[in-house]
Amino acid sequence: MEHLDLIGTAMGLRVYNQVYYMLFGFIKRVPAVWFCERFFRFDLRIAKFSTMMAVEDGGSAKRSLSPSLLHKKTKKPKLKKYKAKKVDPTSPSGVLQFEINDLLAEHTLTEDQVKNDVSAILNDSSREGPVVQAYHREVQNVEVLKITSSGDGLGIIDNPVEEGKKQIVVIPFGLPGDIVRIKVFKTHPSYVESDLLEVTTKSEMRNDELIKCKYFGKCSGCQFQFLNYDNQLELKKKTIIRAFKHFAPRLVEEGLLPDVGDTIGSPLQYGYRTKLTPHFDVPRKVKSLEIKPPLGFGQKGRPRWRKDTIEQGGHASILDIEDCPIGTSIVNIGMQNERARFAEEFSKYKKGATILLRENTTVVTSSSEQQKEGSRDSTGKLSELKVRDDANDKTLIKTCVTNTRQVVTEYIDGYTFEFSAGEFFQNNNSILPLVTKYVRENLQIPNSQPGQEHNLVDAYCGSGLFSICSSKGVTRVIGVEISADSVSFAQRNATANGVENCKFIVGKAEKLFESIDTPNDRTSVVLDPPRKGCDELFLTQLAEYCPAKIVYISCNVHSQARDVEYFLKNTNNGNRYKIESIRGFDFFPQTHHVEGVCVLTRI
Ligand SMILES: C[S@@+](CC[C@H](N)C(=O)[O-])C[C@H]1O[C@@H](n2cnc3c(N)ncnc32)[C@H](O)[C@@H]1O
């Protein structure tokens, strides 16, 4: 048996070598390795060993095997298998797959025609082996055909090793209409990732003069700085349309969706973000750091598109960033303070960490206490900014909180909100008055008479933002929230703002239905779940309760579309509702993110 195995291997290798010289002797050896692995099912490592020997000495297959190999039983090395990770379809990589499928359909390509041989890459001899080199190459003249919901471009390129086949390529910072030069650096079964090296022909939408940040094109934070704001809002509207097409197909087919409304813009398009979390890494096995590591935000891909110097953030996986133009002024002052401190103290760190920078706003009153905690400059003085709120005739003091356990105050719509710096709170306070007004107006029950009872349920209520901002003119408000800390702040916020009709419960959203005693005909529900959306149990119980009005707010329009379809089509009372409106609010200008607001009315 042992003898036969060896003859088989040797014969196989000879066949391989002959085929190789006949077909590929005049070109690189890469296609040969792939070809033989694919059709003769050779172990790639043996084939490659043989190829290298053959290329080097032109010898036969038998000579390419050492005598010891011929006489010992060779243990067949195990091929590594690619294991696909399970992804939530509404997560960014799940959504990308839907968007790739759309592109395939538009170009009449099948999934097989763009499938990459990831196991060939996995089993290549090294990170720079021939298969890897063939796949991870530079490609010129690539047309960007589409933009995804994550703000990346999509294109179609030739498969470098399998003739006639194509590849779908994700091109960061690519806009439809751009012609670009890219470097492919990572391969997935159905697409490859690339870096944008050069834009040779510009899309009509591209205007580089609008870019405000020197790290744009490298930092993973913003995708849209080169787009005018109307274009950004339009792209976000299209993201919502696609989300419902992919995750609520039955609603689309049955014509149950209204036209998606125009996205409501943020009053501030820069300087709006009240929370930033720069971070740094400490390499493993390093006992003490001698050189200050970059402190900033993650790098997108492995880009060399913009300059690659330390002034442009360097080329590590974290970019060294000293100022972020989408952050508020006080948050950027905090960033300078904390960077200066880090420059002095970095050698003390044994592990990487994230630094919290959270804006804190206090209204100045005759009795207000002076702020004591927050980010300080190098002299130890607390950094503060004084701001006028003319609309409400108030003076506000802004400081920057860095301790996750510190209490932060926000000032919205004339109400003050306190919460722990480490807990959830919306990050763009400039748009919040528009959002809370929209929610309040859409929670109204149609055909209500003046003085009639109106109750409100705030599921996933956090520290009470929507409950408190919608509490005027409402009979009772019940909020439910899983974080006990947030619930205690919600209660405290209601009291501090003189709001007496709110009650908050700690628990999963569905716990609400154990204690709800308001008549469903006179109750509206506002939902604002985390990115993963609501669970089916909650949606089923919500449908059983059957409130008069529902306003569903979401930072993930894909899980929102899925939930809305589930609610309307899979629950007992779902068919009693109609979707009155869907639109986005732009909580995060310059980025691809969009917040969806969907209003359902019982009919
Ligand atoms: C997107 S935030 C919205 C908070 C609030 N509406 C606001 O705008 O400040 C989602 C909230 O849901 C809470 N949460 C997560 N899972 C939950 C669950 N199963 N039941 C209730 N609350 C939950 C989180 O703690 C978080 O406060």
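Residues numbered from 1 in each chain as written. Predicted model: local features only at pLDDT ≥ 70, side-chain atom pairs only at ≥ 80, totals over all residues.

As named in an unreviewed UniProt entry, the chain is tRNA (uracil(54)-C(5))-methyltransferase, taken from Torulaspora globosa. Recorded in UniProt under Catalytic activity (unreviewed entry), the annotation for the chain is "uridine(54) in tRNA + S-adenosyl-L-methionine = 5-methyluridine(54) in tRNA + S-adenosyl-L-homocysteine + H(+)". (UniProt positions renumbered as here; feature names shortened; annotations may be inferred.)

*Asks:* Hey, could you run me through the UniProt feature "active site" (unreviewed entry) in the chain in this one?
*Replies:* Taking the UniProt record as the reference, the feature "active site" (unreviewed entry) is found at Cys 555. On the secondary structure map, Cys 555 appears in the loop between β21 (549-554) and α17 (557-570). Cys 555 sits in the partly exposed class, given 18 other C-beta atoms within 10 Å. (Helix = DSSP H or I, 4+ residues; strand = E, 2+ residues; numbered from the N terminus. Buried ≥ 20, exposed ≤ 12 C-beta atoms within 10 Å, placed from the backbone.)

*Asks:* How should the environment of Gly 217 be read in this particular structure?
*Replies:* Mapped onto the fold, Gly 217 is located in the loop between β6 (192-201) and α9 (229-247). Accessibility expressed as a C-beta count within 10 Å gives 23 for Gly 217, which makes it buried. In sequence terms Gly 217 and Cys 555 are 338 residues apart; their C-alpha atoms lie 24 Å from each other.

*Asks:* Can you walk me through the environment of Leu 289 in this structure?
*Replies:* Along the chain, the position of Leu 289 falls in the loop between β8 (279-280) and β9 (296-298). Sequence separation between Leu 289 and Asp 112 is 177 residues; the distance between their C-alpha atoms is 48 Å. Each residue touching Leu 289, except ones within four places of it in the same chain, is listed here: Val 282, Phe 346, Ser 347 and Tyr 349. (Contact = placed C-beta atoms within 7 Å.)

*Asks:* Please clarify how the UniProt feature "domain: TRAM" (unreviewed entry) in the chain should be interpreted in this entry.
*Replies:* Sequence positions flagged by UniProt for "domain: TRAM" (unreviewed entry) are, in local numbering, residues 133-198. Helix and strand shares over residues 133-198 are 5% and 55% respectively, and the end C-alpha atoms of the span are 20 Å apart.

*Asks:* Looking at this model, I keep getting lost on the site of the ligand. Mind explaining?
*Replies:* With respect to spatial proximity, 18 residues lie near the ligand, and among them Tyr 460, Gly 462, Ile 482, Ala 509 and Asp 528 are the closest. Of the residues belonging to the shell around the ligand, the class tally is 11 nonpolar, 4 polar and 3 charged. (Near = placed C-beta within 6 Å. Nonpolar A, V, L, I, M, F, W, Y, C, P; charged D, E, K, R; others polar.)

*Asks:* I keep staring at helix α6 (residues 92-106) and nothing clicks. Help me out?
*Replies:* The periodicity of an α-helix, 3.6 residues per turn, causes residues three or four places apart in sequence to face the same way. Helix length check: α6, at 15 residues, gives a terminal C-alpha distance of 21 Å against a target of 21 Å (1.5 Å per residue), a fit within 8%. Among the residues of α6, Val 95, Leu 96, Glu 99 and Ile 100 are the ones counted as buried. Summarising the axial view, the buried residues of α6 lie within an arc of 145°, below the 170-degree limit, and thus occupy one face. Residues of α6 that are buried sit in contact with β3 (153-158), β4 (166-171) and α17. Where α6 ends, the next residue or the one after it, Thr 108, has phi of about 40°, a positive value. (Expected span 1.5 Å × (residues − 1). Arc of directions from axis to C-beta.)

*Asks:* Even after reading the chapter, I still don't get unusual backbone geometry, so can you show me in this structure?
*Replies:* When glycine is set aside, most residues are seen to have a negative phi, and most peptide bonds are trans. With a phi close to 50°, Asp 393 is a non-glycine residue in the positive phi region. Relative to the helices and strands, Asp 393 resides in the loop between β13 (385-389) and β14 (394-401). The backbone phi angle of Tyr 460 is positive, close to 65°, even though this residue is not glycine. Note that Tyr 460 resides in the loop between β17 (455-459) and α13 (465-469).

*Asks:* Teacher, can you tell me more about the sheet that holds β6 here?
*Replies:* Paired through backbone hydrogen bonds, the strands of a sheet run either parallel or antiparallel to each other. Spatial strand order, β1-β5-β6-β4-β3-β2: 6 strands in an open sheet with mixed pairing. Both outer strands of the open sheet, β1 (138-143) and β2 (146-147), are each paired with one neighbouring strand and no more. Pairing of strand β5 (residues 179-187) with β6, which is carried by 8 bridges, proceeds in the antiparallel orientation. What sits directly across from Thr 187, in β6, is Val 192. (Pairing = 2+ DSSP bridges.)

*Asks:* Help me understand the nonpolar core, please; the structure alone is not making it clear to me.
*Replies:* One broad rule of soluble globular proteins: the nonpolar side chains tend to lie buried together. With 90 residues, the main nonpolar core has Ala 459, Val 526, Leu 527, Val 551, Val 564 and Cys 598 as its most contacted residues. The residues that make up this core include at least three from each of domain 3 (233-267 + 428-602) and domain 4 (275-420). Apart from the residues lying within four places of it in its own chain, the contact partners of Ala 459 are Val 480, Ala 509, Leu 512, Val 525 and Leu 527. Residues Ala 120, Val 131, Val 161 and Val 184 belong to the second largest nonpolar core, which totals 30 residues. (Core = buried A, V, L, I, M, F, W, Y, C linked by C-beta atoms within 7 Å. Domains from an automatic or database assignment.)

*Asks:* Got a minute to help me understand the sheet that holds β21 in this structure?
*Replies:* Pairing within the open sheet is mixed, and its 7 strands lie in the order β19-β18-β17-β20-β21-β23-β22. Each of the sheet's edge strands pairs with one partner strand only, and the pair in question is β19 (502-506) and β22 (577-585). Sheet twist, expressed as the average angle between the axes of neighbouring strands with direction ignored, equals 15°. As defined by bridge partners, β17 adjoins strand β18 (residues 476-481) across 5 bridges and the pair is classed as parallel. Across the sheet, the residue bridging to Val 457 is Ile 478, located in β18. Of the strands in this sheet, β21, β22 and β23 (595-602) are in contact with α17, which crosses β21 at around 155°. (Axes fitted to C-alpha atoms, helices over the stretch in contact; angles between N-to-C directions.)

*Asks:* Explain the packing of helix α16 (residues 536-545) against α17 to me, please; I cannot follow it from the model alone.
*Replies:* For any two helices packed against each other, the geometry is given by the interaxial angle and the distance between the axes. In contact at an axis separation of 10 Å, α16 and α17 are set at 45° when each is read in the N-to-C sense. Relative to α17, the element α16 is oriented oblique. Read as a crossing pair, α16 and α17 show a hand that is right-handed. Two secondary-structure elements touch here, α16 through Glu 536, Leu 539 and Ala 543 and α17 through Asp 563, Tyr 566 and Phe 567. Broken down by class, the residue content of the contact of α16 with α17 amounts to 4 nonpolar, no polar and 2 charged. (Parallel < 35°, antiparallel > 145°, perpendicular 65-115°, else oblique. Left-handed = near helix turned anticlockwise from the far one by under 90°.)

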